[in-house]
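Analysis of the macromolecular model
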Amino acid sequence: MLNESIKKLVQYGIETGLTPACEKIYTTNLLLDVFKEDEYNEPEEEYSDIDLEEVLADLLNEAVKRGLIEDSIVYRDLFDTRLMNCLMPRPSQVQKEFWDRYEKSPEEATDYFYKLSQDSDYIRRYRVKKDQKWTVESEYGDIDITINLSKPEKDPKAIAAAKLAKSSSYPKCLLCPENEGYAGRANHPARENHRIIPITINDSPWGFQYSPYVYYNEHCIVFNSQHTPMKIERNAFVKLFDFVKLFPHYFLGSNADLPIVGGSILSHDHFQGGHYTFAMAKAPIEKPVTIPGYEDVEAGIVKWPLSVLRIRHKDEKRLIDLATHVLEVWRGYTDEAAFIFAETDGEPHNTITPIARKKGDIFELDLTLRNNITTEEHPLGVYHPHAQYHHIKKENIGLIEVMGLAVLPARLKEELELLSEYILEGKDVASNEKIEKHAAWVAEFLPKYETINEENIHEILQKEVGIVFTHVLEDAGVYKCTPEGREAFMRFIEKL
């Protein structure tokens, strides 16, 4: 059994190009060593079109049977990552191949690296495909919705082990370059099959990699080689454009640098990008504006639920200068009538979520105005999903959501299935503690539909989730898409 599975895995490595055919014996021996096995009789049968998930499951079951690992998702993930590393090229080989291909075209280089990141099982294709994805029409364009099911739930044993594990500051966080090749532990994922491409932006060393959870096509992360905090400043705009010049087919954006409106990792300077066109990028300029001193820069307010100033020019340096000016003015801007406060009790509130892209020979930068003020009525944030929508989304609205992609919690899969059942059978939604939080929402949207049956319930729920997420984005907009909101937005523009 072990012999067959090892042969299959080695064959998978050869088929995908991870492992050269001349390294077949070497790779086999590496895998035998992981299993502490001295004997090997190569099966006569030849294998092809290997199902990676199936082969790894067989090898993991064998490891459990031999007492090499505990039967838990955390330890299985640590172990199969170690197995995959036996197939992998060394980091320097990956880097050489990447830059050789880059000479032909940046797109060929990223195609190679994205495929490698999937073939290596760093991006677990068989988990990512479990994510539920759909689009919903809105007045702002087609909004992307995804229920994230690719992050495995930890089991109680692993959670207990993680609590008992002695604290370690190596690697300092999930974005540090020290993750490349790291074996992992109960409270830190294995990254032995992970590879990073070193790049230079703003004359400093950075790393380029893909997200293991790929929320959209070629979802990449670009991170500072130093563990240094996020900061939106002039240099952030320089870095965004340095990357877009290197990879013109990718966009790159940054989370804001303040809590509530920022991303989940504010402690490490990083950006996210990819090869995907979000609804926000397709949204038109609703009101063109001219900014004194920058009359040559095309600028305007975007038709989008968040408050976005789009600026465009052939020379990215003009955009960097203007973005720096907008940021400096916004940081210190207060408009009490619009409930915009630059700071309260010395705590700053205003920042920007910027997204850079290139369209033909024109550089484009979207500057999303953000504010993280809280009140008694909205303790999680005034410009954050309001309480009435927390049954669907209560987490921060970070870069990905700003652009029009809802990353919704895994719990919604089961909750929406239960809602289907309860609605079709006419049962009381409030009677089930798992879905009672949705009762008011269901009562509100049901009367809109004359007929609800097994054929359309799924589509109705997906549509209504999309409507809620659109409202969540509107909550996050510091200026609302109303005549009063646009008037207040123009008051800020006039200060520039």
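The structure we're discussing is the one just above.
Below: a short report on this structure.

Within this model, the second largest pocket holds a volume of roughly 530 Å³. Along its surface, the second largest pocket is lined by 26 residues, and Leu18, Leu87, Met88, Pro89 and Arg90 are the ones closest to its centre. Counting only elements with at least two residues in the lining of the second largest pocket, the list comes to helix H2 (24-34), helix H5 (91-104) and helix H6 (106-119). Considered class by class, the residues forming the lining of the second largest pocket number 12 nonpolar, five polar and nine charged.

Pairing is possible between side chains of opposite charge, provided their charged atoms come close. On inspection of all chains with the given rule, the structure shows 43 salt bridges. Between aspartate 366 and arginine 357 there is a salt bridge whose closest N-O contact spans 3.0 Å. If you follow the salt bridges from partner to partner, you end up with Glu298, Arg310, Arg312, Arg357, Lys359, Glu364 and Asp366 in one network.

So, on to the sheet that holds strand E14 (residues 362-371). Pairing between the strands of a sheet comes from backbone hydrogen bonds, and it takes one of two forms, parallel or antiparallel. Judged by pairing direction, the sheet is antiparallel, and its 10 strands sit side by side in the order E3-E4-E5-E7-E6-E13-E14-E10-E9-E8 without closing on themselves. Looking along the sheet, the strands with just one partner apiece sit at the ends: strand E3 (197-201) and strand E8 (285-289). Pairs of neighbouring strands in the sheet enclose a mean axial angle of 25°, with direction left out of account. Two strands pair when backbone bridges link them, and strand E10 (residues 308-313) and E14 are joined in this way by six bridges, in the antiparallel orientation. For histidine 313, the partnering residue across the bridge sits in E14 and is phenylalanine 363. Against the sheet, H5 engages E3 and strand E4 (204-210), with an angle of about 55° to E3.

What follows covers the sheet that holds strand E2 (residues 141-147). Strand order in the open sheet made by the three strands is E1-E2-E15, with mixed pairing throughout. Only two strands of the sheet have a single neighbouring strand rather than two, namely strand E1 (132-138) and strand E15 (405-408). The average angle at which neighbouring strand axes cross in this sheet is 20°, direction not considered. Pairing between E2 and E15: four bridges, direction parallel. Note on E15: the bridge partner recorded for isoleucine 147 is leucine 408. Helix H15 (residues 457-476) contacts E1, E2 and E15 of the sheet and is inclined by roughly 65° relative to E1.

Taken as a whole and assessed by the stated rule, the structure comprises 34 aromatic pairs. Centroid distance phenylalanine 251 to phenylalanine 278: 5.6 Å. Interplanar angle 85°. Geometry classified as edge-to-face. Within this pair, whereas phenylalanine 251 is found in strand E6 (residues 251-253), its partner phenylalanine 278 is found in the loop between strand E7 (270-274) and helix H10 (279-282), the two being separated by 27 residues in sequence. Phenylalanine 251 gets classed as buried once you look at its relative accessible area, which sits at 5%. Taking relative accessible area as the criterion, phenylalanine 278 reaches 3% and is therefore assigned buried. Put simply, the rings of Phe98, Trp99, Tyr102, Phe113, Tyr114, Phe208, Tyr210, Phe243, Phe247 and Tyr250 pair up and form one aromatic cluster. One residue, lysine 8, lies across the ring of tyrosine 47, its end atom 5.2 Å from the ring centre. A cation over an aromatic ring shows up here: lysine 427 above the ring of tyrosine 422, its NZ or CZ 4.5 Å from the ring centre.

What follows is about empty space enclosed by the protein. Using the criterion set out here, one finds one cavity of 30 Å³ or more in the structure. Volume-wise, the largest cavity comes out at about 40 Å³. Together, Met88, Phe113, Leu116, Ser117, Ser120, Tyr122, Asn193, His194 and Arg195 line the largest cavity. The residue makeup of the lining of the largest cavity, split by class, is four nonpolar, four polar and one charged.

So, how was this worked out
Residues numbered from 1 in each chain as written. Predicted model: local features only at pLDDT ≥ 70, side-chain atom pairs only at ≥ 80, totals over all residues. Heavy atoms only, no water. 1 Å grid on protein atoms, 1.4 Å probe; cavity = no way out; pocket = protein on both sides within 12 Å on 5 of 7 lines; lining within 4 Å. Points joined across faces, edges and corners; volume = space filled by probe spheres on them. Helix = DSSP H or I, 4+ residues; strand = E, 2+ residues; numbered from the N terminus. Nonpolar A, V, L, I, M, F, W, Y, C, P; charged D, E, K, R; others polar. Salt bridge = Lys/Arg side-chain N within 4 Å of Asp/Glu carboxyl O. Pairing = 2+ DSSP bridges. Axes fitted to C-alpha atoms, helices over the stretch in contact; angles between N-to-C directions. Contact = heavy atoms within 4.5 Å. Phe/Tyr/Trp six-rings, centres within 6.5 Å; stacked < 30°, edge-to-face > 60°. Buried < 20%, exposed > 50% of the residue type's maximum accessible area, 1.4 Å probe, protein only. Lys NZ or Arg CZ within 6 Å of the ring centre and 35° of its normal.

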